[in-house]
Amino acid sequence: MENIVEARGLVKIYKRRDGTTVEAVKGVNLDIRKGEIFSLLGPNGAGKTTTISMISGLIPPTSGDAKIGGYSIINSPIQAKKLLGVIPQEIALYPKLTARQNLEFFGRMYGLGGSVLRKQVDEVLEFIDLKDRQNDRVETFSGGMKRRVNIGVGLLHKPQLVYMDEPTVGIDPQSRRRILDTVFRLRDEYNMSVLYTTHLMEEAQELSDRVAIIDHGTIIAQGTQGELTQQVGEEDRLLFHVGEAVVDEALLKRIEQNVEGVTSATYTVLNLKELTASDAPQTDLIDKLSTGTVAAIRAGHTTEGLVTVVARRGRKALPHIINLMDSNGVQIQSVEVREPDLEAVFLKLTGRALRD
Amino acid sequence: MMKKILAIAWKDNYQIFTDRSLLLLMFITPLVISTIVALVFGGDGGAASLSNIPVVVVNQDVGIVEQEQRINYGQQFISLLMPPQNSDDMAAVACPLLEDATQNQDTTSPIALYELIDLTQLDDPQAARDAVDNGDYAAAIIIPSEFSQAFRVDPITISAQPTIQVEVYGSQGVPISASVVRAVVDSIINTNKTGSIAINTALTTLIQLNPAVLSQLQTADDTLQPIYACGFSPDLGIVTINQQPIISGDARSLFEVILLSVGASQAVFFALFSAQFGVLNIIEERRAGTLQRLFVSPTTRFEILTGKLFGTFGTVVFQLSIMLLALTLVSSLLTGTLTNIWGTNIIGIITVVLALSFAATGIAMLLAGFTTTPEQAGPIGGVINIVLAMLGGAFGVTFGPPLSYLSLIYWGTNALDKLSAGSTDILLNLIILLGQGVLFFGIGLILFNRRAEV
Ligand SMILES: Nc1ncnc2c1ncn2[C@@H]1O[C@H](COP(=O)(O)OP(=O)(O)OP(=O)(O)O)[C@@H](O)[C@H]1O
Ligand SMILES: [Mg+2]
């Protein structure tokens with residue numbers, strides 16, 4: 001498949017006012033294929049925005065080059081920029097202009113005019129579902145609506161590549177869902193490539209055809225999700241929610257020794273009271289917890305037993321483990337099978353968790 | 001390429017001209033100020049037929065201490081009504097700019113107040129009133145004890161001064177003369193106040209534009225205080241009238257001449273703010289992220305910068321043009337006849353407006369070149385504009401050459417004045433305005449490009 005972006009040896013060294021330097025990006029190579037959703041995943045300060053700012057021609061690289069559709073961002077910036085639609089992290093619109101005026105103005109900056117511009121603006125307004133508010137000033141819009149206009153501006157000229165820099169930071173779950181759906185629609189309905197940066201493993205996992213993981217300015221892994229997770233082996237994690245039942249060491253030993261493919265079995269008790277008393281917003285919490293734990297909280301349990309089994313072929317081992325627990329009088333409330341994920345990849349490559 | 005430049009210029013202007021508070025600032029405020037000044041200085045041309053009206057004056061003013069100097073505005077007031085040689089001993093207001101101003105002593109005044117009034121000074125107010133009743137005088141002017149106090153402006157709160165009550169005790173026998181005296185007194189008091197009104201309005205406006213100015217003023221009131229002093233120095237106010245150049249065969253009324261010069265200079269003064277607003281908008285857009293958005297679009301740096309400067313230039317041209325039209329309208333309304341105070345040399349007027357707009361945009365570019373944040377640029381720009389306006393005569397105060405030669409306001413107003421009086425001798429004015437523009441633009445662009453990392 002053809003590449004829409006080829007970045008080679010991108011380096012950015014920032015000079016601070018006090019004379020010291022920061023090497024924010026240290027020789028990044030990226031290949032993004034036509035029509036795919038590509039995520040750049042990395043923790044805060046990893047160099048995502050810097051990388052993407054160089055690819056979009058906003059800041060000049062200290063060294064290296066990036067080609068968009070074959071055009072060098074350094075030698076043919078105008079041609080390269082024509083293929084690129086940028087959706088910045090922060091809302092960048094003129095608040096005193098209406099949604100339509102904002103779209104028309106930026107459309108002109110992409111060389112659109114006349115009936116083509118009108119048609120494109122209409123189409124984008126339809127796409128972001130703001131046709132009925134098109135003649136209202138952007139300053140009167142809600143945060144979610146502004147964000148949609150912000151996205152719309154980047155799509156006006158039907159770019160081949162859309163880049164979105166952490167578009168879901170600090171917004172409510174509903175708007176977030178909407179943005180993720182938009183990303184799929186861009187690929188599936190408009191056949192655009194999407195370069196999506198995020199520090200959230202779940203987003204990268206849900207969206208991407210291919211992923212690059214960046215840490216301290218270096219790409220530490222790049223490929224399809226399958227390719228990446230193979231690096232950590234093919235071990236699945238099985239989570240057994242056992243409610244308030246108690247599991248003893250002997251049973252865990254027996255699971256480890258008797259079931260084929262199992263490498264470890266552990267038992268932990270979650271204190272649900274503590275969990276629910278946490279300061280984190282409820283939606284955020286539920287996001288992080290497994291469905292079994294959420295069910296336990298809803299059922300009013302105060303503690304929740306969890307048996308975690310790591311196994312090479314998890315699905316095959318599952319019935320044997322259930323049998324063993326059943327015959328030892330442990331009642332299983334629910335089971336989850338976790339296949340290897342990007343979080344595990346990051347953990348293995350850096351020794352740190354993505355989310356601190 | 002041109003399309004994008006125009007789109008950027010149009011977008012900037014659209015944002016400005018749909019902002020109601022900005023419109024108020026751009027048009028209404030300068031219009032009101034210049035009308036007040038013109039009315040005060042040039043409103044009573046018909047009174048000149050009367051002369052040597054016998055008037056008695058009593059000064060009860062206790063005075064104030066300003067800048068470690070005892071000042072008695074009451075005495076200054078009286079000196080305005082006396083022939084010039086009597087005014088040597090009056091306490092001058094500490095206006096540093098005045099020291100360099102060459103005062104033209106020999107110019108003829110259209111209304112020499114001392115010719116109008118034959119003044120006698122007494123100490124006892126009751127005796128003065130009695131003398132009027134006896135028919136010795138047409139009127140008595142009684143200056144109250146808090147007269148000087150009332151002229152004081154508090155630079156921190158910029159509060160309005162209380163109204164000054166100067167009693168004019170008129171004789172029943174000569175009502176016309178008494179009303180003339182009353183008009184003269186009003187006009188002088190208003191003249192004094194106009195200086196401070198003009199400066200106050202400018203500052204209040206500035207503060208509305210950028211609240212950071214207020215704190216700047218509070219820390220900088222040491223430097224601004226003398227400027228205030230200039231603004232409400234009655235001496236300077238009257239000198240302005242005396243210095244109005246009277247071109248022989250000039251059929252224009254004093255009101256028209258003053259409205260023209262003050263109006264034009266006020267228009268330029270406020271246009272300077274618009275120009276700065278426009279150029280500094282680049283910094284604003286960088287903060288909002290829209291400038292970055294422009295930079296990632298297939299638009300060159302040159303197109304973006306040109307578009308913004310062109311837009312600002314357009315704003316200023318538009319503002320000045322509307323102001324000139326509005327001033328002529330005001331003049332027509334107030335004099336009751338349709339007059340064009342700018343004369344009929346349309347091409348000349350357009351050329352001057354373009355040259356002025358170019359110079360004003362250049363000053364703004366210079367400001368954008370050596371400042372980094374709007375917080376920094378706002379107050380500095382404000383002070384620059386006020387100084388240029390003071391030097392150029394926008395507050396009804398004139399310093400004369402060579403100080404006024406520094407200000408584009410002087411050259412612009414002077415050119416418009418010449419055109420209005422039928423002269424076409426404006427080449428030097430145009431050369432200087434364009435030269436200033438080129439110089440400021442050049443330096444500003446070099447400085448701006450040197451550190452414009454997006
Ligand atoms: N203009 C700058 N000057 C100096 N250092 C900078 C500049 N911009 C970014 N950096 C530094 O470069 C590093 C990478 O920053 P970058 O914004 O690219 O990270 P990021 O992955 O986008 O992070 P986040 O998830 O927080 O947005 C950080 O250490 C940051 O402090
Ligand atoms: Mg970032």
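Quantities reported herein were computed from a predicted structural model and do not represent experimental measurements. (Residues numbered from 1 in each chain as written. Chains lettered and ligands numbered in written order. Predicted model: local features only at pLDDT ≥ 70, side-chain atom pairs only at ≥ 80, totals over all residues. Heavy atoms only, no water.)

Asks: I would appreciate a short explanation of the overall build of chain A in the present structure.
Replies: Helices and strands together make up the secondary structure of chain A, namely 14 helices and 14 strands. Across the 356 residues of chain A, 47% fall into the buried class. Restricting to contacts in chain A with at least 6 residues of sequence separation, those with at least 24 account for 72%. Accessible surface computed for chain A: about 16900 Å², of which carbon and sulfur atoms make up 47%. (Helix = DSSP H or I, 4+ residues; strand = E, 2+ residues; numbered from the N terminus. Buried < 20%, exposed > 50% of the residue type's maximum accessible area, 1.4 Å probe, protein only. Contact = heavy atoms within 4.5 Å. Areas by Shrake-Rupley, 256 points an atom, 1.4 Å probe, with all protein chains shown as cover.)

Asks: Would you take a moment to explain the overall build of chain B for this structure?
Replies: When helices and strands are tallied, chain B shows 17 helices and six strands. Counting every position in chain B, which comprises 454 residues, the buried fraction comes to 57%. For chain B, long-range pairs separated by at least 24 residues make up 79% of all intrachain contacts whose partners lie at least 6 apart in sequence. Surface exposure of chain B reaches about 19000 Å², of which carbon and sulfur atoms provide 61%.

Asks: Would you mind showing me how to read the interface of chain A and chain B here?
Replies: Many structure descriptions define interface size as the accessible area lost when the parts assemble. On the chain B side, the residues contacting the 26 residues of chain A number 22 residues. On inspection of chain A and its partner chain B, the count reaches zero salt bridges. The interface formed by chain A and chain B contains nine residue pairs in polar contact (both at pLDDT 80 or more). The element contributing the most residues to the side of chain A that touches chain B is helix H3 (residues 99-109) of chain A, with five residues. Class assignment of the residues belonging to the side of chain A that touches chain B gives a composition of 16 nonpolar, five polar and five charged. (Salt bridge = Lys/Arg side-chain N within 4 Å of Asp/Glu carboxyl O. Polar contact = N/O pair within 3.5 Å; in protein donor to acceptor, adjacent residues only side chain to side chain. Nonpolar A, V, L, I, M, F, W, Y, C, P; charged D, E, K, R; others polar.)

Asks: What is the right way to read the sheet that holds strand S4 (residues 63-68) of chain A from this model?
Replies: What holds strands together in a sheet is hydrogen bonding between their backbones, with the strands either parallel or antiparallel. All names here are of chain A. Ordered in space as S2-S1-S4-S5, the four strands form an open sheet in which the pairing is antiparallel. Pairing within the sheet leaves two strands with one partner each, and these edge strands are strand S2 (21-33) and strand S5 (71-72). Bridge count for strand S1 (residues 3-15) against S2 is 10 bridges, and the pairing is antiparallel. Looking across to S2, one finds that Val-5 is bridged to Ile-32. Of the strands in this sheet, S1, S2 and S4 touch helix H1 (residues 48-55), which is tilted by about 120° from S1. (Pairing = 2+ DSSP bridges. Axes fitted to C-alpha atoms, helices over the stretch in contact; angles between N-to-C directions.)

Asks: Please clarify how the sheet that holds strand S13 (residues 303-311) of chain A should be interpreted in this entry.
Replies: Residues and elements named next belong to chain A. Strand order in the open sheet formed by four strands is S12-S13-S11-S14, with antiparallel pairing between adjacent strands. Looking at the sheet topology across the chains shown, the edges are occupied by strand S12 (262-271) and strand S14 (334-338). On average, adjacent strands in this sheet sit at an angle of 20° to one another, irrespective of strand direction. Here S12 pairs with S13 via nine bridges, running antiparallel. Within the sheet, the bridge partner assigned to Leu-270 lies in S13 and is Glu-304. Sheet strands in contact with helix H9 (residues 249-258) are S12 and S13, and its direction is about 150° off that of S12. Lying on the sheet, helix H13 (residues 314-327) is in contact with strand S11 (236-243), S12, S13 and S14; it crosses S11 at an angle near 25°.

Asks: Help me understand the packing of H3 of chain A against helix H1 (residues 2-17) of chain B in this model?
Replies: Look at H3 of chain A against H1 of chain B: their axes get within 9 Å of each other, and the N-to-C directions meet at 155°. With respect to each other, H3 of chain A and H1 of chain B are oriented roughly antiparallel. Like other packed secondary-structure pairs, H3 of chain A and H1 of chain B cross with a definite hand, here left-handed. From H3 of chain A, Gln-101, Phe-105, Arg-108 and Met-109 of chain A reach across to H1 of chain B, where they touch Lys-4, Ala-7, Ile-8, Lys-11 and Tyr-14 of chain B. (Parallel < 35°, antiparallel > 145°, perpendicular 65-115°, else oblique. Left-handed = near helix turned anticlockwise from the far one by under 90°.)

Asks: Just to check I follow, could you spell out the nonpolar core for this structure?
Replies: Soluble globular proteins: nonpolar side chains tend toward being buried together. All names here are of chain B. Counting 106 residues, the largest nonpolar core has Trp-342 and Leu-408 as the members making the most contacts within it. Among the elements that line this core, the one with the most residues is helix H11 (residues 254-288), at 15 residues. Contacts of Leu-408, omitting those with residues within four sequence positions, involve Val-268, Leu-272, Leu-356, Ala-359, Ala-360, Ile-363, Leu-388, Leu-433 and Gln-436. (Core = buried A, V, L, I, M, F, W, Y, C linked by side-chain atoms within 4.5 Å.)

Asks: Got a minute to help me understand the confidence of the model for chain A in this structure?
Replies: The predicted coordinates ought not to be read in detail in places where the model reports low pLDDT. Scored by pLDDT, chain A has a mean of 86; 93% of the residues are at 70 or more. Predicted confidence for residues 280-285 of chain A stays below pLDDT 50, and this span has three contacts to residues more than four positions away or in other chains. (pLDDT = per-residue confidence, 0-100.)

Asks: Would you explain the site of ligand 1 in this entry?
Replies: All names here are of chain A. In the region of ligand 1, the neighbouring residues are Tyr-14, Ala-24, Pro-43, Asn-44, Gly-45, Ala-46, Gly-47, Lys-48, Thr-49, Thr-50 and Glu-166. One nitrogen or oxygen atom from the main chain of Ala-46 is found 3.2 Å from an oxygen atom belonging to ligand 1. Glu-166 places a polar side-chain atom, nitrogen or oxygen, 2.7 Å from an oxygen atom of ligand 1. A per-element tally of the shell around ligand 1 places H1 first, with three residues. Here the shell around ligand 1 is built from residues that sort into four nonpolar, five polar and two charged. (Near = heavy atom within 4 Å.)

Asks: Would you explain the pattern of salt bridges in this entry?
Replies: If the charged atoms of two oppositely charged side chains come close together, the side chains can form a pair. All names here are of chain A. The full count for this structure, using the stated rule, is 22 salt bridges over all chains. The closest approach of N and O atoms between Glu-2 and Lys-34, which form a salt bridge, is 3.5 Å. In this pair, Glu-2 is assigned in the segment before S1 and Lys-34 in the loop between S2 and strand S3 (37-41), connecting sequence segments 32 residues apart. Owing to a relative accessible area of 34%, Lys-34 belongs among the partly exposed residues under this scheme. Where Arg-187 meets Asp-188, a salt bridge forms, and the shortest distance between an N and an O atom there is 2.8 Å. The exposure class assigned to Arg-187 is buried, which follows from its relative accessible area of 18%. Overall, the relative accessible area of 52% leaves Asp-188 in the exposed class.

Asks: Would you explain the pairing of strand S10 (residues 218-224) of chain A in this entry?
Replies: Regular strands place their side chains on alternate faces of the sheet. Summarising the sheet, strand S9 (residues 210-215) of chain A and S10 of chain A pair through six bridges and their orientation is antiparallel. Its bridge partner being in S10 of chain A, Asp-215 of chain A is matched across the sheet by Thr-218 of chain A.

Asks: Would you mind showing me how to read the packing of helix H5 (residues 143-153) of chain A against helix H6 (residues 173-188) of chain A here?
Replies: Any two packed helices are characterised by the angle at which their axes cross and by the distance between the axes. All names here are of chain A. For the pair H5 and H6, the least separation of the axes is 11 Å and the interaxial angle reads 15°. Taken together, the axis directions place H5 and H6 in an arrangement best described as roughly parallel. Every pair of crossing elements has a handedness; the one defined by H5 and H6 is right-handed. Across the interface between the two elements, Gly-144, Arg-147, Arg-148 and Ile-151 from H5 touch Ser-175, Arg-178, Ile-179 and Thr-182 from H6. Looking at the contact of H5 with H6 residue by residue, the classes come out as two nonpolar, three polar and three charged.

Asks: Even after reading the chapter, I still don't get the side chain of His-157 of chain A, so can you show me in this structure?
Replies: Residues and elements named next belong to chain A. Examined against the element boundaries, His-157 turns out to sit in the loop between H5 and strand S7 (161-165). On the basis of relative accessible area, His-157 is assigned to the buried category, the value being 12%. At 2.9 Å, the side chain of His-157 forms a polar contact with the backbone oxygen of Leu-84. Non-local contacts of His-157, meaning those with residues more than four positions away in its chain, are made with Lys-81, Lys-82, Leu-84, Gly-85, Tyr-110 and Leu-112.

Asks: Would you take a moment to explain the side chain of Thr-182 of chain A for this structure?
Replies: Within the element layout of this structure, Thr-182 of chain A appears in helix H6. For Thr-182 of chain A, a relative accessible area of 12% gives the class buried.

Asks: Would you mind going over a nonpolar patch on the surface with me for this structure?
Replies: On the surface, Met-2, Leu-6 and Phe-310 of chain B cluster together into a nonpolar patch covering about 280 Å² of accessible area. Counting through the fold element by element, Phe-310 of chain B comes out in helix H13 (residues 301-335). (Patch = residues over 30% accessible without salt bridge, like charges linked within 9 Å, V, L, I, M, F, W, Y side chains within 5 Å.)

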